[in-house]
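Overview (structure and organization)
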Amino acid sequence: MTIDAADLDYRCINEEIRKVDGKCIITSCLGQRFIASGMSNIDIEIEGIPGNALGSYLNGGTITVHGNAQDAVGDTMNDGKIVVHGNIGDAAGYAMRGGRIYIKGDAGYRAGIHMKEYQEKVPLMIIGGSAGSFLGEYQSGGVIIVLNLNSRRQKSVGFFPCTGMHGGKVFLRSRCEDVVFPPQVIRRSATDEDRNELRSYLEEYCDLFSLDLEEILFSEFTVVTPDSKNPYRRMYVAN
Amino acid sequence: MSIDFISPEFDVSRNESRCIKCRICVRECANGVHIFDEKRGILISDETKCVNCQRCVSFCPTRALKIIKNPNGLKSNANWCSDSVNEIFKQSSSGGVLLSSMGNPKKYPVYFDRILINASQVTNPPIDPLREPMETKVFLGKKSDVIERDSDGKIKCSTEPQIELSMPIMFSAMSYGSISYNAHAALARAATELGILYNTGEGGLHEDFYVYGKNTIVQVASGRFGVHEDYLEAGCAIEIKMGQGAKPGIGGHLPGAKIVGDVAKTRMIAEGSDAISPAPHHDIYSIEDLRQLVFSLKEATNYKKPVIVKVAAVHNIAAIASGIARSGADIIAIDGFRGGTGAAPTRIRDNVGIPIELAIASVDQHLRNEGIRNNISLVAGGSIRSSADVVKAIALGADAVYVASAALIAMGCHLCRNCQSGKCNWGIATQRAELVSRLDVEVAKTRLVNLMTAWRHEIMEMMGGMGINSIEALKGNRLMLRGIGMTEKELEILGISHAGE
């Protein structure tokens, strides 16, 4: 089923998606927001550029974007997969609790902000290029990987990564000598164990984007974890 | 150590001639104030731990106990009051940010207490609510500007989704985690029985309470705790929390120690991890961005549920409300600076925000001036203490009110303002199983129903006295109000005349 989005607004697009039980190709997409918001069991291919909040509250299924995506992709996502064959805007995966977001290119500001994890749900975000400032701010769970491949930017990550981080893990394919981390995180070079973990995350990603997994794994990775899951414990005095 | 010693705020007075050494006080105090000295066979007290929650006093079978203000104190000083000095002691020993609970206790003007309600005499006679029909039902949501008719001349009834309430009162947001399972259960059951709503707060919705969904507002805050598709579908409305009256401009940190068992499960986060709600929603920097969140929620729930945007009453609230009214939200909830909280930095609680009375009046007037008042309903909260406050809030321009502190008091809260300790002796603001079990859900539910039923009757009596027989006719009816002891400016903001005028 093909939905020509050229003359449809977001409400109509979502109605059409519901009519075909979420299995469709959307063509000529140009900035329509909220596509597949709150849906599950979908399989959507998008040609063009979807607007903000693509797959917000997504509860399962797959969205593939053949182009760039804008802001707030996968906001509060619970499950499923979003694949972007291009760059992605700001606040991708805000508070996502489950599922995977795979980005071929660069991510904007605040990627993976407040990402969580819960029981068996461990969200995963892989950014093929570089990430903007405030990567993984307030992260409390899940895994963020920045591969720094073919990026337009010089640095793998912008300013203030992992500020307020109190859970989860960030992998950056870089020595990160030029990156300033906040005091409450621990940064170290990836160990063999970390690489095995990385391999399990990267297999599907490398398949999707036809990348050489071994070549990627052969590089230096920096691992960032929080030093406490209770960063503000000593901040208060009862009054 | 000795510099930091703060003289206890209270003395425990035990009338030895009445005390029968039954040790109920020992059992009831989770703070460990009462101790039985086995050797001497007497009860002693450690009043440094007393928070004056009145639990022991209420349960002492011989009324032998009194908690009284400790007469020992610093030399009196109209500028450096003992609170100010003691707070400096606490901070200079710990380096910590002062943390307090419940609403702003400072001596700011309470405008509700300076507003008087009208009554009919001779003309436009009063209505007796016991004898004549009186409507307290309200609908919250966008109202149509024009009446549309079909080709047969019949009115087209296609309104935006509405909340129906049997009376203009709802229980405002208190998260599971800040209050106990039993407290949530009582609120949910009372709301269902009363035909009103309660609000999950930002801590998610416990699986046991999905059955009360028709009477539940589910909240989405910056931390997005427990927010998923089933949760959004479960409630009858969705509230986006932008701010809270007790702590405008800041977020919340529920400490990891309280994120255990069902609280972690309901928030859908790992046990023991701090639940941090950032101060801003990091995807909202403008009204346009707010609109995006409003419509992502509407899309996710297929436009079946009204969306509420809750903000704290702050300076320029009227302009903020105007922006919210244009964001696509159906309802704006405004929380005044006296609103309660399970924990807030003392300085924020006591110094930030404005009284709800002024906020309601200025928002209602501003939205009317802009011709968009019907686009949005207005819910006011932040220390609504009685049915008279409800009537005044509605006459100032609110569609309905939010109550939380009053509901907690109905369930047994004695306002000791120590929620942050997690040792609530009344089983409300605690997650300790032995304390939670003290709150009998059935009793608490009945007390909530009693309170609201009594308020509803009082509202009808006050309306009847004014010759008004529906909430709709009271809404924004400021002619029914007069101020007393207020300045011209205050009267101007409230949009009311002075008593005697």
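Going by the structure above, here's the rest.
Nothing here was measured: the structure is a model prediction, and the numbers come from that model. Think of each chain on its own: its residues are numbered from 1, step by step along the sequence as written. Both sets of labels track the order of writing: A upward for chains, 1 upward for ligands. For a predicted model such as this one, the threshold for reporting local features is a pLDDT of at least 70, and the threshold for listing and counting side-chain atom pairs is 80 or more; totals across whole chains, interfaces and linings nevertheless cover every residue.

1. A few points about the overall build of chain B
- Counting its regular elements, chain B contains 16 helices and 21 strands.
- In summary, chain B has a C-alpha radius of gyration of 24 Å against a globular reference of 23 Å for 501 residues, a match within 12%.
- Dimensions along the principal axes, computed over C-alpha positions, put chain B at roughly 90 × 60 × 45 Å.
- Each of the 501 residues in chain B was classed as buried or not, and the buried ones make up 52%.
- We call two residues in contact whenever the C-beta atoms placed from their backbones are within 7 Å. Intrachain contacts of chain B at a sequence separation of at least 6 include 68% that bridge at least 24 residues. By the criteria applied, helices consist of DSSP H or I runs no shorter than four residues and strands consist of E runs no shorter than two, each listed in order from the N terminus. To get the radius of gyration, use the C-alpha atoms; to get the globule rule, take the number of residues to the power 0.38 and multiply by 2.2 Å. Three classes are used. A residue is buried when 20 or more other C-beta atoms lie within 10 Å of its own, exposed when 12 or fewer do, and partly exposed in between, with C-beta atoms placed from the backbone.

2. Section: the overall build of chain A
- On a plain count of helices and strands, chain A comes out with three helices and 12 strands.
- Here the C-alpha atoms of chain A give a radius of gyration of 18 Å, agreeing with the 18 Å that 2.2 N^0.38 yields for 239 residues.
- Over its C-alpha atoms, taken along the principal directions, chain A stretches across nearly 55 × 50 × 30 Å.
- For chain A, the proportion of its 239 residues judged to be buried stands at 54%.
- For chain A, long-range pairs separated by at least 24 residues make up 35% of all intrachain contacts whose partners lie at least 6 apart in sequence.

3. Things to note about the interface of chain A and chain B
- Contacts between the two partners involve 43 residues from chain A, matched on the other side by 37 residues from chain B.
- Residue assignment for the side of chain A that touches chain B shows that the elements contributing at least two residues are α1 (10–19), β8 (140–146) and β12 (236–238) of chain A.
- Counting residues per element, the side of chain A that touches chain B draws most heavily on β12 of chain A, which supplies three residues.
- Gly falls in the polar group here, along with every residue not listed as nonpolar (Ala, Val, Leu, Ile, Met, Phe, Trp, Tyr, Cys, Pro) or charged (Asp, Glu, Lys, Arg). Taken together, the residues of the side of chain A that touches chain B break down into 17 nonpolar, 17 polar and nine charged.
- Whether two strands pair depends on DSSP finding at least two bridges between them. One ladder, built from three bridges, connects β12 of chain A with strand β5 (residues 97–100) of chain B; its direction is parallel. Residue pairing for β5 of chain B: A238 of chain A is matched across the bridge by L99 of chain B.

4. Description of the sheet that holds strand β9 (residues 167–172) of chain A
All names here are of chain A.
- Read across the open sheet, the 11 strands follow the order β1-β2-β3-β4-β5-β6-β7-β8-β9-β11-β10; overall the sheet is mixed. Whereas interior strands pair on both sides, the edge strands pair on one side only; in this sheet they are β1 (2–4) and β10 (185–189). For this sheet the average axis-to-axis angle between neighbouring strands, irrespective of direction, equals 15 degrees.
- Direction of pairing for β9 relative to strand β11 (residues 222–226): antiparallel, over a ladder of three bridges. Looking at the pairing, F171 lines up with V223 of β11.
- Comment: axis = line fitted to C-alpha atoms, over the contacting stretch for helices; angle = value between 0 and 180 degrees taken between N-to-C directions. Relative to strand β7 (residues 124–127), helix α2 (residues 192–208) is tilted by about 70 degrees, and along the sheet it contacts β5 (79–84), β6 (100–103), β7, β8, β9 and β11.

5. Quick notes on the packing of helix α4 (residues 181–194) of chain B against helix α14 (residues 441–465) of chain B
Residue and element names in this part refer to chain B.
- Interaxial distance between α4 and α14 falls to 8 Å at its minimum, and their mutual angle equals 45 degrees. Taken as axis vectors, α4 and α14 run oblique relative to one another. Of the two possible hands of crossing, α4 and α14 adopt the one that is right-handed. Residues N182, A185, A186, L187, R189, A190, E193 and L194 of α4 pack against V441, A444, K445, L448, V449 and M452 of α14. When an angle is under 35 degrees it counts as roughly parallel; over 145 it counts as roughly antiparallel; between 65 and 115 it counts as roughly perpendicular; any other value is oblique. Each crossing gets its handedness from the near helix: less than a right angle anticlockwise from the far helix is left-handed, clockwise is right-handed.

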